Amino acid sequence: MNTRYLTKASLIAAIYIVLVLIQMLPMPLVNLTFGAIQLRIAEGLTLLPLIESAAVPGVFIGCLLSNLLLASYTGFGLVDILGGSLVTLIAAYLTSKMKNKVMGMIPPIVLNGLIVSIWVSYYTSVPYLVTVLGISGGELLSLGIFGTIILSVYEKATNLKEY
């Protein structure tokens, strides 16, 4: 790993954390960050591994630190801190192996929807299927809207010539 790679990964982690914290500010949106129906804007960053390898550790560390910092708000505890972060790591890695944006959306949507829903459903007493649909739907929106925007901006920014 070189300095540029570590810097990119660190910046992506920081952006993830900032996006989660910003989304936590208006209290009505707190439940959309950690609840049974999730629309975590920061999850749009899980598309970045399609074009940037440093995004794999970046989104993992960002998710880990976000979940750790906000554990007292969620009530999901260590299972979400470690489990949710590992799901994000695996999803980011699998996304990095995909050929296009549509295929790259599948790992975060499926893995978060099926795995994270296990403990979110348990702790919130919301039926598992409803939780799967809520988390998967939120992932789809986050990836489809914010993920598309961030990919476009990132590609344009990396195509700029350095002077």
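Each remark here, short or long, concerns the structure printed above.
Quantities reported herein were computed from a predicted structural model and do not represent experimental measurements.

Novice: Help me out: how do you make sense of the nonpolar core in this one?
Specialist: For soluble globular proteins, nonpolar side chains are generally found buried alongside one another. Within the largest apolar cluster, 22 residues are counted, with the highest numbers of intra-cluster contacts made by Y16, V20, L45 and L48. Counting residues per element, the ones that place at least two in this core are α1 (3-24), α3 (55-69), α6 (101-124) and α7 (128-159). If near-sequence neighbours (up to four positions away) are discounted, L45 is found in contact with I12, I15, Y16, L19, V59, F146 and I150. Listed in part, the eight residues of the second largest apolar core include V87, A91, L111 and W119.

Novice: Could you clarify how one ought to interpret the pattern of salt bridges in this entry?
Specialist: Pairs can form between side chains of opposite charge once their charged atoms are near each other. Scanning the model with the defined rule gives one salt bridge in all. Put simply, K8 and E52 hold a salt bridge, and the shortest N to O gap is 3.1 Å. Within this pair, whereas K8 is found in helix α1, its partner E52 is found in the loop between α2 (30-34) and α3, the two being separated by 44 residues in sequence. Residue classification places K8 among the partly exposed residues on the basis of a relative accessible area of 27%.

Novice: Looking at this structure, how should I read unusual backbone geometry?
Specialist: Excluding glycine, residues mostly have negative phi values, and the peptide bonds linking residues are mostly trans. The phi dihedral of S125 is positive, around 60 degrees, even though this residue is not glycine. Assignment of secondary structure puts S125 in the loop between α6 and α7.

Novice: Looking at this structure, I do not really get α6. What am I missing?
Specialist: It helps to recall that an α-helix has 3.6 residues per turn; residues three or four apart then point in one direction. Look at α6: 32 Å from first C-alpha to last across 24 residues, which is about the 34 Å you get at 1.5 Å a residue. Its maximal kink placed at S117, α6 deviates by approximately 45 degrees. At the N-terminal boundary of α6, the capping side chain belongs to N100, with an oxygen 3.1 Å from the backbone nitrogen of V102.

Novice: How should the packing of α1 against α3 be read in this particular structure?
Specialist: The geometry of a pair of packed helices is captured by two quantities: the angle between their axes and the separation between those axes. It is at 7 Å that the axes of α1 and α3 come closest, and there the two elements cross at 35 degrees. Considering only the axes of α1 and α3, their crossing is right-handed. Contacts between α1 and α3 involve Y5, A9, I12, A13, Y16, I17 and V20 from the first element and A55, P57, G58, V59, I61, G62, C63, L65, S66 and L69 from the second. For the contact of α1 with α3, the per-class residue count stands at 14 nonpolar, three polar and no charged.

About the thresholds
- Residues numbered from 1 in each chain as written.
- Predicted model: local features only at pLDDT ≥ 70, side-chain atom pairs only at ≥ 80, totals over all residues.
- Heavy atoms only, no water.
- Core = buried A, V, L, I, M, F, W, Y, C linked by side-chain atoms within 4.5 Å.
- Buried < 20%, exposed > 50% of the residue type's maximum accessible area, 1.4 Å probe, protein only.
- Helix = DSSP H or I, 4+ residues; strand = E, 2+ residues; numbered from the N terminus.
- Contact = heavy atoms within 4.5 Å.
- Salt bridge = Lys/Arg side-chain N within 4 Å of Asp/Glu carboxyl O.
- Expected span 1.5 Å × (residues − 1).
- Bend = angle between axes of the 7 residues up to and from the residue.
- Polar contact = N/O pair within 3.5 Å; in protein donor to acceptor, adjacent residues only side chain to side chain.
- Axes fitted to C-alpha atoms, helices over the stretch in contact; angles between N-to-C directions.
- Left-handed = near helix turned anticlockwise from the far one by under 90°.
- Nonpolar A, V, L, I, M, F, W, Y, C, P; charged D, E, K, R; others polar.

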